[in-house]
Amino acid sequence: MKAQLPPETFPGYDPTWSRLVKIPAGDQTGDGSETITLHVLDHCIGPAELTLLCVHGNPSWSYLWRNVIAQARPGVRVVALDQVNMGWSDRIDRPRILTERIGDLDALTDVLAIDTPVVTLAHDWGGPISLGWAQSHVSQLAGVILTNTSVHQPPNAAAPRLITVIRTPGLLGAMTQRTPAFIRGGLRLSSPEPPSEVRHAFLAPYLTPARRAGIRDFVEDIPLEPDHVSFAALQQVEARMPELAHVPALLLWGTKDPVFNELYLRDLEERLPHADVHRFTSASHFVSEDAPVAEAVWAWIESLQDRPEKAPIAPSVATLVPDLSSSGPLVTEWSDGAWKSIAGRDFLDRVYRIARGLVIAGIRPGDRIATMIPPGIDLTAVVYACWQIGTAAVLIDSGLGVRNMHRAARAADPHWLIGIPPAMVASKALGWNGKRIVAGEMDSRLRSALGVSLSLREVELTGEGGPLAVEDEDPLAAILFTSGSTGPSKGVRYRRSQLAAQRDIIAELYQITPSDRLVAAFAPFALYGPAMGLGSVVPQMDVTKPGSLTASALADAAGQIDATIVFASPSALKNVVATADSLTGTQKRALERLRLVMSAGAPIAQELLSSVATLCLGAAVHSPYGMTEVLPVADISLAERVGRGPGPGACVGRPLAGVDVRIDPFKAQTGYSAGEAQGEVLVRAAHQKQAYQRLWWTEQQTRTADGWHRTGDTGWVDREGYLWITGRMHHVISTADGPVTPIPIEHVVEQVPGVERAAAVGVGPADVQVVVVVLELTERSRTSRAATELTKVVRTALREASLAEPAAVLTVTDLPVDKRHNSKVDRSRVGVWAGKVLAGKTRVRL
Amino acid sequence: MGRGVVAKLVARDDAVVTLQRTAGTWPSAVEEYLGSVAQLDLVRRAADRCDAVVHLAAKVGITGPVQEFIEVNVEGTRTVLAAAQAAGVRRFVHISSPSVAHAGQSLVGAPAGRADPSATRGHYSTTKAIAELDALAANSSHFAVAVLRPHLVWGPGDTQLVGRIVERSRQGRLAYVGSGTALVDSTYITNAVEAVVAALDHTVEAAGEPLVVTNGEPRPIGELIDGILAAHGLEPPSLRIPVWIAKGLGWGAERAWSRFDLGGEPPMTVFTAEQLGTAHWFDQRRTRQVLRWQPRISIDEGLTALAVGSL
């Protein structure tokens, strides 16, 4: 069968891209001819300065790259071939093996006279073929992009087993050639399955068994055994990977792929440690069908132009461990029914011992270490030990909830897990990678069952000596996770210098000196006590539920170290206020001796701050504004907040010295009394994150070319420079009169008697959405339309505040909130629910 | 609505000619013709004196012989169009209904959409759909045809929506269909009247496309009904029937009323059940842009006026 142009049109495919190209056959073909004709998609706008060479895998054809071609930038020629025996190319009546396929690609670029720099792009078994070509054209190579592929079978990988099954005699022919089962099955891996016209397009060149022979041969050509005809060729591609060490690389991965799973991604990351990586966590094997691969590819190619040789790292003399030689208690915790402390001297000694013990255990600078230990002495010591070695602490806190913790662990892909026994069990059950060290007691049988190699105690016992010399000036120091209240939780990478900058700005902001003592009820900041050289205590509470902190527990902790400062989250403070009645005289005095109470992690209501101030009479009450990516950005005291008035929005203070804030205005503006532009809040600071963890595309979309972080928050800046937050970009209600932000509406509605919490959401198509207010009432209520009287009061209140009037007011039993802070309402979910209810659907669950 | 439009036009000293079946109580300046829109001669005589025509006449209702609907809505519209064209009228405003384009499904921020007689439910909607297509087909460079589809018009003195709700409630026969949360658009009478006058003043800009007219304030159907009841000092209904049951009742009632002479209208029809149980609200941007019109009276102000009017 001879090559042909596609006989029909397919969605997203343009017939003008198609051409037939004759290449030398290399060896003889089955019918003795000396050339082979390939079907090639070849498209360029203007003269070519760069070529993107696209190689599909099995079973597929160049149609896979239609979106990449459709979005081609001027000056970039996109060439996507159908491989020999595949797609609309020649069927040569004998199998084509890996070396020949690499040769075909060579021949094609010769015949097409491609002399521009080349970026390769490949999927599936197209990966090794494209890499084979790349390795022999390094001087011409501008970049390498790989999607769900492999050059090597990592231990425990699933593909060999699957392929062995398919290759069972009798089954292979049936699966791959006699029936289209293999193609259909492959497409079914896509999530969600593509529309039927697209499925048809993938199947179109493979409608008869004769046309499918190439699919069968391709499966047979996967070398699993050393005597396989292509074993040596694949091994050579693998062995020559270091030759690509200086070539920019991008790995785009659908993590739901059951064949090329994340073991393969990790294998490639180890071979191309400099690669940019993006994990599409809702995409499967056909990642370009499931995720914006074409968009990411083009953004990356554009980024190649102004890429420095090697990202310059500002030499940093920052250290996170100051002189801690004092003998006073440094970290205090409640454990086993008693207060327990460790002095600064002993703490440092312990940090050094753990660090040296971890090195003996095999931990190396640059490793990622997941720490799953409740806040306290052990956690603090382990994290500082990680920093000693120059490793990154992956802080997966249980406040994320199991689902997000699991996602976080997969995203961070830690080399080591150090955790309490329950965390060891959970991590094993969830199948996390990494060697395990248990912090606590565990019997040996359970240890071997869970694959726990060491205990923290054993690590400490083996480590002897003083501090380690760190090689990297500014290593990756921590990976933290966003709360996931607005989409999946994202890993956020911090270098040591960035953490040091964060510590310094906090110390400066609150004028913290070594004479201060800190109650750390807010997880991330619990770690900063030693770094600021001050004693800290973790109060008795369930760390997974910040709302479990009672007034007595807070006061006891404060009393224990004669604390001057409290860091807590709004939900913790809410419960403190709610349980204040049970305070004894001593406890009350401990709270009154505080000089500063800081509420962080989520927005806090002014009434709650006032109640806290009443409880802690001597304290200034502050709330910083920021996010996991940059914290703090601004700060406001209760007094200032009262002075600024009601809004619209939540006043979060003036940006701190060293922090730049600007507003990227909405395209359409809705009138504000102040007349100031409302839009997305952009931030830039020294203590900003380095990058997101393996989310290159997300990073690209949320960081401007000149380094601003797009916070996703909306707000405006008043004439005196105060920043007001009005909502999230994703929650902006796009009405016919312009964008409407939720927080100003919610603030007004939450003042209505009987309303506990409110969410303002949009219902309807973009640009004609209507505002809907959903209430959680103080008295438990049914899910329905709000009572007539309440609806009237809500409408009147909003009208008087000159805010958008809602189309409907609904009540629910509980508004969904995030796990970590128990306060950020999931407005997107509420919006979807309200949309269904207001369309007339009954029995809709929120 | 007709009365409102006449009053508005007379108030600004337009010379108004009316054609209707029974004598109205008009200001003396109004020249009145009595009869049906199906009578070509009569319509011709009335149209002869006009520069512009507003065509509001229609046979409304949810039951009745199809012939009557065809005669008034389809043939009547053709007659008025023909008479107006023959008389050299340049501007024509045809009043249609949102029900000509949709039936059954939820409408959420929907555009007007093309009339489709085959997709409508009930004789009224089907014949109005045909009439709208005829009116739009007659649009040309020298005969501008604007089509307005006011949605759920209500106000003091309205016997259709307000009258029925109040009457049913007084009889104890009013129930919510479904949860009462379906979001619906409605139009306060004054706004509808002003939209018609605006269409008369901007016929050329508005010509050739259907424009849905509403207050642009969708509300849950239950809230609207409660508001209308409260304006008359009545309590919200205590009865609630699921949509599927209402549809079943409607289906049965429609058949019973068509087979036997039961008098009046059936208490429920499939169309009504759908109208009460699903969302229908519209994208008003295009309408407001081409008519250069904004609703002046909000729903809350309208309800207040209703309460005052019912005293």
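Quantities reported herein were computed from a predicted structural model and do not represent experimental measurements.

Undergrad: Let's hear about the nonpolar core: which residues, and what values?
TA: Residue and element names in this part refer to chain A. V519, A521, L554, V566 and F567 are the most contacted members of the largest nonpolar core, which totals 214 residues. The dominant element in this core, judged by the number of residues it contributes, is helix α14 (residues 377-389), at 10 residues. Structurally, this core is a two-domain feature, drawing no fewer than three residues from each of domain 1 (15-155 + 227-303) and domain 2 (320-514). Among all residues touching V519, those that are not within four sequence positions of it are V537, P539, L554, A557, A558, A563, I565 and V566.

Undergrad: Hey, could you go over helix α13 (residues 344-361) of chain A for me, with residue numbers and the actual values?
TA: The periodicity of an α-helix, 3.6 residues per turn, causes residues three or four positions apart to be oriented the same way. All names here are of chain A. Helix length check: α13 (18 residues) gives 25 Å between terminal C-alpha atoms against 26 Å at 1.5 Å per residue, within 8%. Burial in α13 covers these residues: G344, F347, L348, R350, V351, Y352, R353, I354, A355, R356, G357 and L358. For α13, the elements touching its buried residues are β9 (329-335), β10 (338-343), α14, α18 (456-462) and α21 (528-531). With its phi angle positive at about 120°, G362 sits one or two positions after the end of α13.

Undergrad: Run through the sheet that holds strand β8 (residues 276-280) of chain A, naming residues and quoting values.
TA: Residues and elements named next belong to chain A. Strands sit in the order β1-β2-β4-β3-β5-β6-β7-β8 across an open sheet of eight strands; the sheet is mixed. Looking along the sheet, the strands with just one partner apiece sit at the ends: β1 (18-24) and β8. Mean inter-strand twist for the sheet, computed between neighbouring axes without regard to direction, equals 20°.

Undergrad: Go over the interface of chain A and chain B, please, and point to the residues and values.
TA: Facing the 16 residues of chain A at the interface are 22 residues of chain B. Among the secondary structure elements, those contributing two or more residues to the side of chain A that touches chain B are β34 (784-785), α29 (788-800) and α30 (827-838) of chain A. Residues of the side of chain A that touches chain B, tallied by class, amount to nine nonpolar, six polar and one charged.

Undergrad: Describe helix α12 (residues 293-303) of chain A, naming the residues involved and giving the relevant values.
TA: Residues of α12 of chain A that are buried: V293, A296, V297, W300 and I301 of chain A. The buried residues of α12 of chain A occupy an angular sector of 130° when projected down its axis, which confines them to one face.

Undergrad: Please set out the packing of helix α9 (residues 243-259) of chain B against helix α10 (residues 270-277) of chain B residue by residue, giving values where relevant.
TA: Residues and elements named next belong to chain B. Axis separation between α9 and α10 bottoms out at 7 Å; the angle between their running directions is 160°. Between α9 and α10, the angle is such that the two are roughly antiparallel. The two elements α9 and α10 meet at a crossing, and its hand is right-handed. Judged by residue contacts, V243, A246, K247, G250, W251 and E254 of α9 engage V270, T272, A273 and G277 from α10. A per-class count over the contact of α9 with α10 returns five nonpolar, three polar and two charged.

Undergrad: Mind laying out the domain arrangement of chain A, listing which residues take part and the relevant values?
TA: Residues and elements named next belong to chain A. Once the domains are mapped, chain A shows domain 1 (15-155 + 227-303), domain 2 (320-514) and domain 3 (732-846). Measuring from the centre of the C-alpha atoms in domain 2 to the corresponding centre in domain 3 gives 41 Å. Facing six residues of domain 2, the contacting portion of domain 3 comprises six residues. Taken together, the residues that form the side of domain 2 that touches domain 3 break down as one nonpolar, five polar and no charged.

Procedures and definitions
- Residues numbered from 1 in each chain as written.
- Chains lettered and ligands numbered in written order.
- Predicted model: local features only at pLDDT ≥ 70, side-chain atom pairs only at ≥ 80, totals over all residues.
- Core = buried A, V, L, I, M, F, W, Y, C linked by C-beta atoms within 7 Å.
- Buried ≥ 20, exposed ≤ 12 C-beta atoms within 10 Å, placed from the backbone.
- Helix = DSSP H or I, 4+ residues; strand = E, 2+ residues; numbered from the N terminus.
- Domains from an automatic or database assignment.
- Contact = placed C-beta atoms within 7 Å.
- Expected span 1.5 Å × (residues − 1).
- Pairing = 2+ DSSP bridges.
- Axes fitted to C-alpha atoms, helices over the stretch in contact; angles between N-to-C directions.
- Nonpolar A, V, L, I, M, F, W, Y, C, P; charged D, E, K, R; others polar.
- Arc of directions from axis to C-beta.
- Parallel < 35°, antiparallel > 145°, perpendicular 65-115°, else oblique.
- Left-handed = near helix turned anticlockwise from the far one by under 90°.

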